[in-house]
Structure formats: C-alpha cells, structure tokens
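Coordinate inspection notes
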Amino acid sequence: MTVAWIGDRDVPITQAIERIAELLVSSLCPVFSLDTDVHGTRAAIALAERVGAAYDRLGGDGVARETALLTDRGGFFVAPGEARRRADVIVIAGQLPAAHHALVTEIAATPPDLAGEAPKPRQVFLVGAETQAAYLRKAKTMRLACAGADLNGTLAALRAQCAGRAVTKPVSDFARFAQAMAEARFAVFLFCGEMLDAPGLEMLQGLIGDLNRKSRASALHLPASEAGWGSSLASTWMTGFPLRTGFGRGQPEFDPWRYDVSRMIEEGEADLHLCIAASGDQIASSRKNLPLVAITPTDRPIAGAAVTLAAGQPGVSHDAVVYSSRVGTLVSKTAERRADDLPDAASLLRSIARQLPGGKALPC
Amino acid sequence: MLTRITGGEIVDPVNGRIGQGDLWIEDETIVAAPVDGRADRTIDASGCVVMAGAIDIHSHIGGGNVNTARLLLPEHHAAHAPRPANTPLSNAGWSTFETGCLYAKMGFTTVVEPAMSPGSALHTHLELADIPIIDKATLAILGNDDFLLSMIRDNASPQMIEDYVAWTVGSSRALGVKVINAGAAAAFKENVRTFSFDDVVPFYGVSSRRIVKTLQAAVTSLGVPHPLHVHCNNLGASGAAETAAETIAAAEGVPMHLAHLQFYSYGTEGKRKFSSEAARLAELVNSTPEITIDIGQVMFGQTVTISSDVLRQFSARGSANPKKTVIFDGDGNGGGVVPYRYGKDFYGSLQWAIGLELFLLINDPWRVFFTTDHPNGAPFTAYPDLFALLMSRDARKEAAAGVSQKALSFSTLGSIEREYTFEEIAIMTRAAPAKLLGLKDRGHLGAGALADVAVYRKGEDIAQMFRSAAFVFKNGDLVVRNGEIENYRWGKALRLNPPPDKAMVRRLDAYHQERYGLSLDWFDFPDSAIQREQPFGEVSCNT
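Owing to the predicted nature of the structure, the values given are computational and were not obtained by experimental measurement.

1. Considerations on the overall build of chain A
When its secondary structure is counted, chain A shows 11 helices and 17 strands. Computed over its C-alpha atoms, the radius of gyration of chain A comes to 23 Å, within 12% of the 21 Å expected for a compact globule of 364 residues. Sorting the 364 residues of chain A into buried and exposed places 57% on the buried side. Long-range pairs, those at least 24 residues apart, make up 64% of the contacts in chain A between residues at least 6 apart in sequence.

What follows is the structure, encoded as structure tokens:
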C-alpha cells in the first residue's frame, strides 16, 4: 500500500519525510493547520517550536471566537452531565452544528433527575428567528425573536428586558421566558462559536451573569469543533496559549489576528503550509505557489500537495485522545479497526523532526 | 554509575545525619559509601547544603481549572517572556514545560496537584505528563458528587462508601482524596450562597460535617496513606477561623489535613471586621496532634486564584483583577477562576502576616507544610523569598516595614523571634511531606532512598540560595547545575491502585448509563492514553 507521495509520484515514506524536513528547513514562515487528536496536536506544536511555525485549527474561526470569549471575558459554564441532569429550562442560542444534534435531542428528551422532588418536563426556548431545531422533533419549543433583529439583536433585547429596561422591539413570548426564568432551578443556555459571533457570545454571557444575581443559570459550550477544542486545550497547557500561536521569534506568542493561518496564507505571509486533516476532503487547495504538505487518511496524493503522507484516523484506525462534548473533557477513544495499519499523525511528525538538523527527538 | 557528592553539609533529619560528609548515589538510588570509595563522577558540594529533593504537597500545577486560568489570562503569559521584573506574573512560569523546569531549579522533585476532578482525570494526567523532570501526584476531589451524597443520604454502609472511594482513587490514578467545601458546590447549584460546616445540602439533607466525617472514615479505613485533605467551608471569609476550629475539633483523634489554613485564620475585630486569628489556630494545631496543615502563604503581586470551591469563587467575582472570571458548574465540584492582585493594603498585608504567624507559631515542623497554594496565595516561584522570611527575622523585619502597619497591629508577627533552621526546613519540605503522603522512597538521604537530591550553595542571600540550586538530582540523573537545567527527563505520576470492587463497578456502570446515558468506559482510560513510557508509579496503601 502506498502511503507517501512527492507531488503525484509514489515514494518510500522515508523519502517523503526527508523532503518535508527539507521544506521546513528552507521555509521562513511555515504555518500548520490542525485537525487532529490531542497527541497529534502535541507533536505538531513541538515541531512548530522546532521550525518557528505558527499553528491554527483547520478552518478555525469558530474555535477562535470561542477562545476569544475566554481570553477576553470568561463566563459561566456548565458540564454536559450537569446540564442533562439539572437543567429544567434549556435555551438554545443560535444554530448548533449537526455534530451536536444527537446530544441536544437526548438532553431535551431526558427528564432532569436533579431538578427537585417533582421535576416538570424541560422547557426549551430557541433564541433568534434563524435558529432551527428540526432535530428536536419531539420537544415542544418556544421561539424568542425580535422582528427585524438578528440573533445578536435578539439576545440584546432579551437581556435588556430581563433587566427591566425598555426596548423598541420586544422579544416574542418574553413573558413566557421571564416566567420560566423566575421558576427555573437551573437554566442552561446552549451555544457554539460557529454560529454566534463575539458580540453575541458576550451578550449571552452578560445575560447569564445578570440571571445569576438572583438565581442559577449557566452555559453549555458545544464547540464549533471538538477536535479543535481538544487542540486548543493541549496548546494551552503546552505553551500557555490557545491556538493561533506562533514561534516565529522563538518563544510562543499568541495573537489571534496575526497567527490566523487562513489570513497568513491569503495575504502571502506563509511560505509553507503543513496541514494535518482527519479527511483529505477538508484540505482546500493552497494559494498558488505555496508548497503544501498534507498529512491525512488517503489512498492517493492530495491535489496540489508538494508532499502527501497517509495517516491513520484518530479513534478509528488508532487509539486517540479527543475532546468530547458528551462529557465536556478529554476522553480516550479506542480504535474501531486497526486493519489499515497507518501511522498516527504524531508518529509521522516525530519522524519529520528526526530528519531536521540535529535530529533531536520531540519532547512529545 | 556511581556518583559521590563530596564535602557538603548533609541535612537529613530522618536518619539523624546533620553535618559535613559525602553522599553516594548508584544509578537511581542512594547507597552507603562503597568500600573501595571510587566514584565514576564526583560532585564538589563544599560550601553547600545537601538535602533530599523537596516535595510540594499542594500546588495547582495542572488540570481543567488550571488550564482554564491559562486561557483566561494570555496577557499575563505574554508578560512571562523576558521582560523587566515586577510585571504581572512575570515569574509565574505557567506552561507545563516551564513548571517542571522551574520547580527543578529550586530543588523540588515531587509536586502534588491537590484538586483533580475525577471526571477530568485523563486531562489532568495528560498535563502532568507534559511537566518534565519532576514526579507528580494528584488528589481526587469527592464530597460534592451526586453518587456520594446520595449514598450518605440513603445511609449506605461504610463498606459501600469505601468501595466507591477506592474505585474513584484507582480509576483516576490519584494518591489521595480531597474534599473541597464539602456539599457547597452541590448547594450552590440549588442557589445557596453561603455554606457552613453544619449547613445541609438541599435535596440530599446531609451536612458538610457529615460528608467530611464520612470521607475521613473511608480514607482511613482504606489505608490511604495521606489523611483526608480538607478545604474547609467559608474560605476567605471574615470570621472563618471559627469554621477552621470546628473542623479541627471534628477530627476527633483521626488524622486530617487542613489545606491553606492562612485563608481561614481571619477574625472579626477592628472597624474592617478583619483581624488575625493565627495565634489561636496555631495553638489549636499545636494541641491537636492528629491535625496537619499547610499554609497557603500570601506574597504580594499579581496572581490568579484557581479553586474547585465554586461557591467561594462566585462570591469573589467582584474582586477580580483584571475584571474577567470563569465560574464552572461541573460534575461534582466544578470550579472558578478569579484573577487577583495582592497589594500591600490592609487586607493583603494582614493575609501576608497571618501566613507567617502560622508558620512561626506552629511548633512542630512535621505538621506544618510549606505552600502558597500556588497560585492562589502566590506563584510557587515566590518560594525562595518565603524561605528567606522564615529563616531570617531580619528579612521579616525589613519586609514588614514596607507593608500596612495598621494591619500588623492586628497580628503578633512583630513579636516573633523564631528563625527556621536548615533541619526544620528539611523536615517541613522533605521528610514530613514524604511521611504525610506515604512516599517511603523519598524525603530522606538514607541508603535505599530514591536519589532525589538538592544541593544548595550557602550564602548571605537565602532566597538566591533556594532559587537557584547548585545541583539537583532526580532519580540519580543530574538535572540541574548552577541553577540551569542540565538534563531533561520525564517523571511519573505517583498513584494508589486499590483493587476495584466488582459489585461497585457494576453499580457505577448502571448509574452512569441511567443518569448520563454513557457507559463507565467514558470515565476511565488506559495508561497507554498518556503516551509516555511508564507514566505512573504505584504507591502502597497502608495495611
């Protein structure tokens, strides 16, 4: 089975790895896009330090917005288990990615067992006219929307009305919402940075903060990307900083604008793109003349890639550690099948590091 | 390989060895002087003090809440890059990689993360595995989790509770058990805003006292070497000394460890209703032999408070500096992150003085432990300055001159002449922690001990001496020379491994299936998930 290509040409894996090392050595501004498990991320960050690269989540805008909520503001958050067992009111703030629909359906359909002696069925609210929840077929939902306002506007009006302030365009069914909040033992707001922008995230947390003055409420973070959030956590403990960190000057520096890898590619700053993806389909064609190194599960070379390495799929063909929204933390995932015997991304990255001048092993 | 550390002043209270002499290391172990006296490597320690590697029993170095704090404060990390001194957190050193290096440079070779949420054990151990050089350990948090509170409410048998505690310790790879504001996190979820030792958790009908006593009994019965590690109620509150006194009284002759006592040693005197009760609590500790405590010393400057006492952190949100916080309602405890700057105002000065009073008024160095509750009282990088304050009354007087004199008038610090000796430092930071944690292989320099050795060059500047060890050996590897990292290695996480009771495993599996819709496998992990060679080292329970 072929596992390595230089351009479209099959090559031994050692030759491909040597070629990647050469590209990294000659690059002045390498950038890494990550869509991998925690150990793939750790190895990638260690390699980034070695070659002075910047790294980001592959298509990382949603994760970057969620990260900014924490770096800029903080907030109230709740574990998914507590949301499931305790939330008597659920408020879905904006559209949630399909990856989370099964979990939300399950939460909505399960009666909370820690919501008092005789808990009522959960009440479910949808914030914003554009928020769809067709996946909640069995749950009775109530929409909170402002005529002519987008999601941020609706959240702002909701917060203002909860605080007793006048608004020009009131939120539909606000009285029901206000009553639900007054009676709630523990309200949980579900959110994701994919569909909610920075002002929306800020407004949502402001509303939750206001509610906590007299009662209890919190937010369940359903990440734009579970793999991205896992990478962000690993980056934070390894360097002190989340994704969008660069080693251009030796020490890690976090700058969500400067080290936005998509921007660095578009604006011509990057001169080498190393992309680790769970699927070859996710790897977009690079800027013209930008050498691309693709590490991904594939049986053929990635179009336009200078070098392609076939890697296993985390948790499918090799054991992995990944972030799971079901438990809100990192979990160990045992391989579903090991038949293809492809190496994991971390092993490949360690092999690349050994081909760099000095040949020193990565620390992880 | 045979190494001889020669000419140093050996300070090894456990083996009664105090004075100049040689220390011999063969590979990973300290050995008696060989008959032929020939070493492969000789380390000149003349002019130096030679001690066992230091052990920190309570330092928040990794896990979910610590990582959230890093995420919340990237601007403080930026300040960690080489910059002029005195910038915020300029000495905090906060990535996992820096943490191990900075501890090693100070001669610390084992550090305990005291607040691991069992549900996030894998995350915590992954972080710990990326802390180089030193060995680590964790304490698993119990006491706000539904499973335990329900069992206590339902009058489950002590054996059943022990089985649950044993399973939690084993599956989370912990070295002991900690209870944090017992019952308060569960009560906070029910909108309770204050919670004391005899208050009752809504829905469960069990008091904080009952939770603590239940866990204390289970830990003792299981033979967990470290006594139940208790973070009392009412942390930081004016008058919290009363809560600490109640908790000490509740030990009732059975070992119990109270964490960061400084944060409870507050009375209600004066117009600010904030005064020192350190002398009273120190006397109480002195007269209660089953009690051990650590201090949680405050040092001045920017830090961030990280605690699984979510109720307390929620209450402290108004004091956040800078103004951003995280409050997390987790399974069990959750936690909160509140950045804070300790100034030399009345409150900061009094907290600083109270910690020192406790250190100096508790007589037995085997029962008082050296901590700043990193980073809650101060980053662990402040330890060298704290050693200087304990070992020199002149250093204390000089420092005291720069703080609020009004605050000092509420404290006995100015009247205390005691200076810690090297022997007392060696007990407090080496011998006693090893004993408290059940780590028989370290904390001393006797033949057969693990070759964790710190060599400090003596000088007028005590802080500099402890900041920058002349030599540090970890498992016999020379890891630090002249305050710089010489050799990079990976330590282990020390853990207990009590066998799980099969009936309890079945019960827990059914519980997780029913309540979370997930099998128990989701809450466990294989050692291979850590991806380090031998990530864990096993410690025995007492028989």
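There is more to say, and it comes next.
2. Describing the domain arrangement of chain B
Residue and element names in this part refer to chain B. The domains assigned to chain B are domain 1 (1-53 + 442-489) and domain 2 (54-436). Averaged C-alpha coordinates put domain 1 and domain 2 at centres separated by 30 Å. Elements with a minimum of two residues in the side of domain 1 that touches domain 2: strand 5 (48-52), strand 21 (453-457), helix 17 (462-467), strand 22 (471-474) and strand 23 (477-481). In terms of residues, the side of domain 1 that touches domain 2 owes the most to one element, helix 17, which gives 4 residues. In terms of residue class, the side of domain 1 that touches domain 2 is built from 18 nonpolar, 5 polar and 5 charged.

3. A closer look at the pairing of strand 2 (residues 17-26) of chain B
All names here are of chain B. Where strand 1 (residues 2-12) meets strand 2, 9 bridges bridge the pair, whose relative direction is antiparallel. Its bridge partner lying in strand 2, R4 is registered against W24. What sits between the antiparallel neighbours strand 1 and strand 2 is a turn of 4 residues, in which G16 has the positive phi angle 65 degrees. Bridge count for strand 2 against strand 3 (residues 29-31) is 3 bridges, and the pairing is antiparallel. Its bridge partner lying in strand 3, E26 is registered against T29. The loop that links strand 2 with its antiparallel partner strand 3 comprises 2 residues; one of these, D27, has a positive phi angle of about 55 degrees.

4. Thoughts on helix 3 (residues 61-72) of chain A
Residue and element names in this part refer to chain A. Here helix 3 is 12 residues long and its end C-alpha atoms lie 16 Å apart, about the 16 Å a rise of 1.5 Å per residue gives. With 9 of 12 residues buried, helix 3 lies mostly within the body of the structure. If you check which residues of helix 3 are buried, you get G62, V63, A64, R65, E66, T67, L69, L70 and T71. Note on helix 3: the residue one or two positions beyond its end, G74, has a positive phi of about 90 degrees.

5. As for the interface of chain A and chain B
Counting residues at the interface gives 43 residues for chain A, matched by 42 residues for chain B. Contributing elements (two or more residues each) for the side of chain A that touches chain B: helix 2 (38-51), helix 3, strand 5 (74-78), helix 4 (80-86), helix 9 (226-239) and strand 17 (329-333) of chain A. For the side of chain A that touches chain B, a count of residues per class yields 19 nonpolar, 13 polar and 11 charged.

6. As for the domain arrangement of chain A
Residue and element names in this part refer to chain A. In terms of domain boundaries, chain A breaks down into domain 1 (4-60 + 226-354) and domain 2 (67-221). The C-alpha-based centres of domain 1 and domain 2 are spaced at 35 Å. Between domain 1 and domain 2, the contact holds 8 residues from the first and 7 residues from the second. Partitioning the side of domain 1 that touches domain 2 into residue classes produces 4 nonpolar, 3 polar and 1 charged.

7. Looking at the pairing of strand 22 of chain B
Residues and elements named next belong to chain B. Side-chain alternation along strand 22 places F471 and F473 on one buried face and V472 and K474 on a second face that is also buried. Pairing analysis gives 4 bridges linking strand 22 to strand 23, with the strands arranged antiparallel. Bridged to V472 within strand 23 is V480. Between strand 22 and strand 23, which pair antiparallel and follow one another directly, the connecting turn spans 2 residues, one of which, N475, has a positive phi of 50 degrees.

8. Observations concerning unusual backbone geometry
Of note, the bond from N321 of chain B into P322 of chain B is cis; its omega dihedral lies within 30 degrees of zero at 0 degrees. Along the chain, P322 of chain B falls in the loop between helix 11 (310-315) and strand 18 (325-329). Cis rather than trans, the peptide bond between H374 of chain B and P375 of chain B has omega equal to -5 degrees. One non-glycine residue, N289 of chain A, adopts positive backbone phi at about 70 degrees. Mapped onto the elements, N289 of chain A comes out in the loop between strand 13 (272-276) and strand 14 (292-296).

9. What about the packing of helix 9 (residues 240-249) of chain B against helix 10 (residues 278-286) of chain B?
Residue and element names in this part refer to chain B. Direction vectors running N to C along helix 9 and helix 10 enclose 5 degrees, while the axes themselves pass 10 Å from each other. On the basis of the axis angle, helix 9 is roughly parallel to helix 10. Contacts between helix 9 and helix 10 involve A241, A244, A245 and I248 from the former and R280, L281 and L284 from the latter. Its residues placed into classes, the contact of helix 9 with helix 10 shows 6 nonpolar, no polar and 1 charged.

About the criteria used
Residues numbered from 1 in each chain as written. Chains lettered and ligands numbered in written order. Predicted model: local features only at pLDDT ≥ 70, side-chain atom pairs only at ≥ 80, totals over all residues. Helix = DSSP H or I, 4+ residues; strand = E, 2+ residues; numbered from the N terminus. Rg over C-alpha atoms; globule rule 2.2 N^0.38 Å. Buried ≥ 20, exposed ≤ 12 C-beta atoms within 10 Å, placed from the backbone. Contact = placed C-beta atoms within 7 Å. Domains from an automatic or database assignment. Nonpolar A, V, L, I, M, F, W, Y, C, P; charged D, E, K, R; others polar. Pairing = 2+ DSSP bridges. Expected span 1.5 Å × (residues − 1). Axes fitted to C-alpha atoms, helices over the stretch in contact; angles between N-to-C directions. Parallel < 35°, antiparallel > 145°, perpendicular 65-115°, else oblique.

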